[in-house]
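# Descriptive structure summary
The primary structure of each chain is shown beneath.
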Amino acid sequence: MSDGTRENGDRDKAHTKEAALSARLRRLGEGLGQAQERGAKPADDAGGDRAATASGYARGFRLSSELVAGVLVGAGLGWLIDRLLGISPWGLIVFLLLGFVAGVLNVMRSAGVVPGPTPGNGKSAGRKQ
Amino acid sequence: MTVDPIHQFAIKDLVPIITIGHHHFAFTNSALFMFVIVILVSALLIGATVPRAMVPGRLQSVAEMSYEFVANTVRSSAGTEGMKFFPFVFTLFMFVLFANMIGLIPYSFTVTSQLIVTATLALLVFFIVVIYGFWRNGLGFLKLFVPKGVPIYILPAIVVIEVLSFLSRPISHSVRLFANMLAGHITLQVFAGFIIMLAGFGIAGWFGAALPLILVIMLTALEFLVAFLQAYVFAILTCIYLNDAIHPGH
């Protein structure tokens, strides 16, 4: 008899412990879900860029390569257009200048001065889902 | 005694050349190191995940940390939808990271200091972005080149500039990694060459050689930072470009 009551008491204690544990688990799960939601939201790309260029050395390399890449692509495309259409040197002149502009745009974008081609990345990501 | 700082980038044929038509194929030291990188990355990740411990051991927590790190990078710059590209980005990150780190071991070869390797990786990313962008969005992908809120009379010029800017991506993407690794290794070699040259001058030279030695030690630490940072930058730029393919402008 006394054994039975003790068993009962134990079971009750176990029960309340289990309830507390499951409540705690639920709370943790909710917290985790919120944290993941917060993490899932894509940060604006300027912030990502800035994190990517943590050291000034890397930043300098990055900006210069952006400018050079723009100019090179402009020159290459202009030269190709000249060869294909036989309008030398106009294609090279026009596209070299446009390449410079594209290079400057690249630099400003990677420096985070100008928003990227997809303004408000966070918003668009949210809507598409 | 002088040291040739460029010599470390020489490609050597390890296995005799096979000639097919007019093309020569050889197993080079570059290919060997790429194999080593792939084997090391696979060994690390497979070896780390075999125990599947609830409380991770050292190796397993390295693997878990690298997973978490890349997963957070992908999520923060390409959104949750970008996670379908996670295996691709993770592979790129681990490959570049190991290539950079193995390159810092003396007498080893830095695969990422070859422009052709980084250009191949960057072009792979570029074509995946273009093909996936068109496959997913159809012609809507072209909206990427038409920014919103631009007056109609300058729109043609803007579109051409945007297209040029888009085409320049693989160049800057590949040149950045390549130039960083090349410049870093040449700098290290030049300063290490100073030590040898100064040490040749006798006792006074030994004291002089201490200066470049300190510098080389500091540069090596910097190179480790650059090696990691460039792998991270390569991965995050891949994510940003993939984000354009997933969500082109509207």
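Every value quoted in this text rests on a predicted model; they were computed, and no experiment measured them.

Moving on, we come to the overall build of chain A. When its secondary structure is counted, chain A shows five helices and zero strands. Walking chain A from its N terminus toward its C terminus, one meets helices and strands in the order α-α-α-α-α. Each of the 129 residues in chain A was classed as buried or not, and the buried ones make up 26%.

What follows is about the overall build of chain B. A tally of regular secondary structure across chain B gives seven helices and two strands. Reported as C-alpha extents along the three principal axes, the dimensions of chain B are approximately 75 × 55 × 45 Å. Split into buried and exposed, the 250 residues of chain B put 35% on the buried side. Considering only contacts within chain B whose residues lie at least 6 apart along the sequence, 65% involve residues at least 24 apart.

All right, on to the nonpolar core then. Within soluble globular proteins, side chains that are nonpolar tend to cluster in buried spots. Residue and element names in this part refer to chain B. Judged by nonpolar contacts, the single largest core of 54 residues is most densely connected at Val 89, Phe 93, Val 96 and Ala 235. Counting residues per element, this core draws most heavily on helix 7 (residues 203-246), which supplies 15 residues. Leaving out residues up to four positions away in the same chain, Val 96 has contacts with Thr 112, Leu 177, Ala 231 and Phe 234.

Time to look at the confidence of the model for chain A. All names here are of chain A. Per-residue pLDDT for chain A averages 71, and the proportion of residues at 70 or more is 62%. Per-element averaging of pLDDT across chain A places helix 5 (residues 121-128) at the bottom with 35 and helix 4 (residues 90-111) at the top with 91. Note that pLDDT drops below 50 for residues 40-53; the model gives that stretch 32 contacts with residues more than four away or on any other chain. Ignoring residues within four places in sequence, the model shows residues 119-129, a span with pLDDT below 50, making 17 contacts including any to other chains.

Residue and element names in this part refer to chain B. For helix 1 (residues 29-49), which comprises 21 residues, the first-to-last C-alpha distance of 30 Å matches the rise-based estimate of 30 Å (1.5 Å per residue) to within 8%. Taken together, the buried positions of helix 1 are occupied by Ser 30, Phe 33, Ile 37 and Ala 48. Viewed end-on, helix 1 has its buried residues packed into an arc of 65°, placing them on one side of the element. Exposed side chains of helix 1 directed beyond 90 degrees from the buried face belong to Phe 35, Ile 39, Ser 42, Ala 43, Ile 46 and Gly 47. Looking at the buried positions of helix 1, the neighbouring elements they touch are strand 2 (23-28), helix 2 (58-78) and helix 3 (86-103).

Below, the discussion takes up the packing of helix 3 of chain B against helix 7 of chain B. Residues and elements named next belong to chain B. At a minimum axis distance of 8 Å, the contact between helix 3 and helix 7 shows a crossing angle of 160°. Judged by the inter-axis angle, helix 3 sits roughly antiparallel to helix 7. Between helix 3 and helix 7 the crossing geometry is right-handed. Of helix 7, the residues touching helix 3 (which contributes Val 89, Leu 92, Phe 93, Val 96, Leu 97, Asn 100 and Met 101) are Ala 227, Phe 228, Gln 230, Ala 231, Phe 234, Ala 235, Thr 238 and Cys 239.

It is worth spelling out unusual backbone geometry at this point. With a phi angle near 70°, Tyr 107 of chain B is a residue other than glycine that sits in the positive phi range. Along the chain, the position of Tyr 107 of chain B falls in the loop between helix 3 and helix 4 (115-137).

Glancing now at the pairing of strand 1 (residues 13-20) of chain B. Each regular strand shows side chains that alternate between the opposite faces of the sheet. Residue and element names in this part refer to chain B. Of all eight residues in strand 1, zero are buried, a share of ten percent or less. Pairing analysis gives five bridges linking strand 1 to strand 2, with the strands arranged antiparallel. Bridge pairing links Thr 19 to His 24 in strand 2.

For the rest of this paragraph, the subject is the confidence of the model for chain B. All names here are of chain B. Averaged over all residues, the pLDDT of chain B equals 88, while 98% of them reach at least 70. By mean pLDDT, the top-scoring element of chain B is helix 3 (94), and the lowest-scoring one is strand 1 (79). On the interface metric, ipTM, the complex scores 0.73, and its pTM is 0.76.

With that settled, consider the packing of helix 1 of chain B against helix 2 of chain B. Each pair of packed helices gets described by two things: the angle between the helix axes and the distance between those axes. Residues and elements named next belong to chain B. The geometry of helix 1 relative to helix 2 is characterised by a closest axis approach of 8 Å and an angle of 115° between their N-to-C directions. Along this stretch, helix 1 crosses helix 2, giving a crossing that reads as left-handed. Each of Leu 44, Leu 45, Gly 47, Ala 48 and Thr 49 in helix 1 lies in contact with helix 2, whose residues at this interface are Leu 59, Gln 60, Val 62 and Ala 63. Per-class residue counts for the contact of helix 1 with helix 2 are six nonpolar, three polar and no charged.

So, how was this worked out
Residues numbered from 1 in each chain as written. Chains lettered and ligands numbered in written order. Predicted model: local features only at pLDDT ≥ 70, side-chain atom pairs only at ≥ 80, totals over all residues. Helix = DSSP H or I, 4+ residues; strand = E, 2+ residues; numbered from the N terminus. Buried ≥ 20, exposed ≤ 12 C-beta atoms within 10 Å, placed from the backbone. Contact = placed C-beta atoms within 7 Å. Core = buried A, V, L, I, M, F, W, Y, C linked by C-beta atoms within 7 Å. pLDDT = per-residue confidence, 0-100. Expected span 1.5 Å × (residues − 1). Arc of directions from axis to C-beta. Axes fitted to C-alpha atoms, helices over the stretch in contact; angles between N-to-C directions. Parallel < 35°, antiparallel > 145°, perpendicular 65-115°, else oblique. Left-handed = near helix turned anticlockwise from the far one by under 90°. Pairing = 2+ DSSP bridges. Nonpolar A, V, L, I, M, F, W, Y, C, P; charged D, E, K, R; others polar.

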